[in-house]
Amino acid sequence: EKFKDGLSKTRNNFSEKVNDLVSRYRKVDEDFFEELEEILIGADVGFDTVMELVDELKKEVKRKNIQDPREVQAVISEKLVTIYEQAGDESMSAINMQKDGLTVILFVGVNGVGKTTTIGKLAHLYKSEGKKVLMAAGDTFRAGAIEQLEVWGERVGVDVIKQVAGSDPAAVMYDAIHAAKSRQADILLCDTAGRLQNKVNLMNELEKVKRVIEREVPGAPHEVLLVLDATTGQNALVQAKTFKEATNVSGIVLTKLDGTAKGGIVLAIRNELKIPVKLVGLGEKMDDLQNFDAEKYVYGLFS
Ligand code: GDP
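Residues numbered from 1 in each chain as written. Predicted model: local features only at pLDDT ≥ 70, side-chain atom pairs only at ≥ 80, totals over all residues. Heavy atoms only, no water.

S.K.: I keep staring at the overall build of the protein and nothing clicks. Help me out?
M.R.: A tally of regular secondary structure across the protein gives 12 helices and eight strands. For the protein, whose C-alpha radius of gyration is 21 Å, the value lies close to the compact-globule estimate of 19 Å for 303 residues. Dimensions along the principal axes, computed over C-alpha positions, put the protein at roughly 65 × 40 × 35 Å. Relative to its 303 residues, the protein shows a buried fraction of 55%. Within the protein, contacts between residues separated by at least 24 positions form 76% of all contacts whose residues are at least 6 apart in sequence. (Helix = DSSP H or I, 4+ residues; strand = E, 2+ residues; numbered from the N terminus. Rg over C-alpha atoms; globule rule 2.2 N^0.38 Å. Buried < 20%, exposed > 50% of the residue type's maximum accessible area, 1.4 Å probe, protein only. Contact = heavy atoms within 4.5 Å.)

S.K.: I'm lost on the site of the ligand in this one. Help?
M.R.: The full set close to the ligand counts 17 residues, and Gly112, Thr116, Thr117, Gln148 and Glu284 are the nearest of them. The contact in question runs from an oxygen atom of the ligand to an N or O atom on the side chain of Gln148, over 2.6 Å. A distance of 3.4 Å separates an oxygen atom of the ligand from a polar atom in the backbone of Leu282. When the ligand sits alone it has 590 Å² of accessible area, and the protein chains cover 81% of it. In this structure the site holding the ligand corresponds to the second largest pocket. Here the element with the most residues in the shell around the ligand is helix α6 (residues 115–128); it accounts for four residues. Class assignment for the residues of the shell around the ligand results in three nonpolar, eight polar and six charged. (Near = heavy atom within 4 Å. Polar contact = N/O pair within 3.5 Å; in protein donor to acceptor, adjacent residues only side chain to side chain. Areas by Shrake-Rupley, 256 points an atom, 1.4 Å probe, with all protein chains shown as cover. 1 Å grid on protein atoms, 1.4 Å probe; cavity = no way out; pocket = protein on both sides within 12 Å on 5 of 7 lines; lining within 4 Å. Sits in = over half its atoms within 2 Å of the grid points. Nonpolar A, V, L, I, M, F, W, Y, C, P; charged D, E, K, R; others polar.)

S.K.: Would you take a moment to explain the sheet that holds strand β2 (residues 133–136) for this structure?
M.R.: Pairing between the strands of a sheet comes from backbone hydrogen bonds, and it takes one of two forms, parallel or antiparallel. Sheet architecture is open: eight strands sit in the order β3-β2-β4-β1-β5-β6-β7-β8, paired in mixed fashion. Of all the strands in the sheet, just β3 (159–161) and β8 (289–291) have a single pairing partner and so form its edges. Strand-to-strand, the axes of this sheet are offset by a mean angle of 25 degrees, without reference to chain direction. Each of β5 (223–229), β6 (251–255) and β7 (277–281) touches helix α11 (residues 265–273); the most contacted strand, β6, lies at about 165 degrees to it. (Pairing = 2+ DSSP bridges. Axes fitted to C-alpha atoms, helices over the stretch in contact; angles between N-to-C directions.)

S.K.: What exactly am I supposed to notice about empty space enclosed by the protein here?
M.R.: Scanning the entire structure with this criterion turns up one cavity of 30 Å³ or more. The space that makes up the largest cavity amounts to roughly 30 Å³. Forming the boundary of the largest cavity are Thr10, Phe14, Ala43, Val45, Leu80, Gly264, Leu267 and Leu301. Tallied by class, the residues present in the lining of the largest cavity amount to six nonpolar, two polar and no charged. (Points joined across faces, edges and corners; volume = space filled by probe spheres on them.)

S.K.: Is there a simple way to think about helix α2 (residues 8–24) in this case?
M.R.: Because an α-helix completes one turn every 3.6 residues, residues spaced three or four positions apart along the sequence face the same direction. A rise of 1.5 Å per residue sets the reference length of α2, with its 17 residues, at 24 Å; its end C-alpha atoms lie 24 Å apart and thus fit the reference within 8%. Turning to α2, its buried residues are Thr10, Arg11, Asn13, Phe14, Ser15, Val18, Leu21 and Val22. (Expected span 1.5 Å × (residues − 1).)

S.K.: Can you help me understand the confidence of the model for the protein in this one?
M.R.: Detailed conclusions should not be drawn from predicted coordinates in areas where pLDDT is low. For the protein, the mean per-residue pLDDT works out to 90, and 96% of the residues sit at or above 70. Among the scores for the predicted complex, ipTM is 0.99 and pTM is 0.91. (pLDDT = per-residue confidence, 0-100.)

S.K.: For this particular structure, what's the right way to read the layout of surface pockets?
M.R.: Over the atoms rolls a probe the size of a water molecule, and in doing so it shows where empty space is left. The volume enclosed by the largest pocket comes to roughly 280 Å³. Forming the boundary of the largest pocket are 16 residues, of which Leu125, Glu129, Leu279, Leu289 and Asn291 lie nearest the centre. Among the elements that take part in the lining of the largest pocket, α6 stands out by supplying five residues, more than any other. Taken together, the residues of the lining of the largest pocket break down into nine nonpolar, three polar and four charged. Empty space within the second largest pocket amounts to approximately 170 Å³. What lines the second largest pocket is Gly112, Val113, Gly114, Thr117, Thr118, Lys121, Thr255, Lys256, Asp258, Gly283 and Glu284. If one sorts the elements of the lining of the second largest pocket by residue count, α6 sits on top with three residues. Residue composition of the lining of the second largest pocket, grouped by class: one nonpolar, six polar and four charged.

See the structure below:
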């Protein structure tokens, strides 16, 4: 239900247009497909993904000898799911939690995308599952970032390991890991700085943070989650490409899906970057975070 509510803007935009399309056409022809392409591109599905999708659709329509545009609608849903699932192993969409010992999750992404909020929401989720959670205030650069994480910490009842603003993020991670070990925490959620203006510095800093984590906890970080803001559309794709070049991103958190009518960006990200979308943000409150499920998502767009 939450998933459906969160997608209502995209659904209204997308299904309205598709419904309108199928009611205006009497047969499925080239013009029909061209209009469908425009609708999909308008929903931020991404040019390459749209071309691939429409190609598949045309084949299927021919194979099944579909004449009635209304029958195409079901095939669109089917193909949207297929294109998502073809892009990679669906079992990879779960968070890689360690059965024993500490799980370390590193969050990366530019400022304002919803990193802190996501960490707070996830801390709440894991805590409510009975796990011992700690957060590391690794964004020592942005004014207010540490305090903001602490506000979330108080709200959800989870401790934040921090140093003063401006200190070395790698040192914060070192402290946080040791605190996590001595308190026998199950999960450590690590914030990082998100300035992109100075890409080289940012990436060097990220690598340094990662090295500390790798050294102190063998096999960690267990996830490097890139947080992207769905409302920024194709810009999110560009950010994702930049981060993918710089570090091993294991999954995407797509925030603010509730705030966009262009939720098709999920498909573009998955199909063009081959990185699984693991979590989606559907609001500002602590339980507005959901595991991503391609089928729920696609069928949520139409129903
Ligand atoms: P950060 O700079 O990446 O840490 O971003 P923040 O966590 O501070 O989030 C920036 C803004 O986006 C805040 O006002 C959040 O409340 C808001 N935000 C984060 N996630 C979501 C979401 O899923 N939906 C909506 N509507 N707002 C969100």
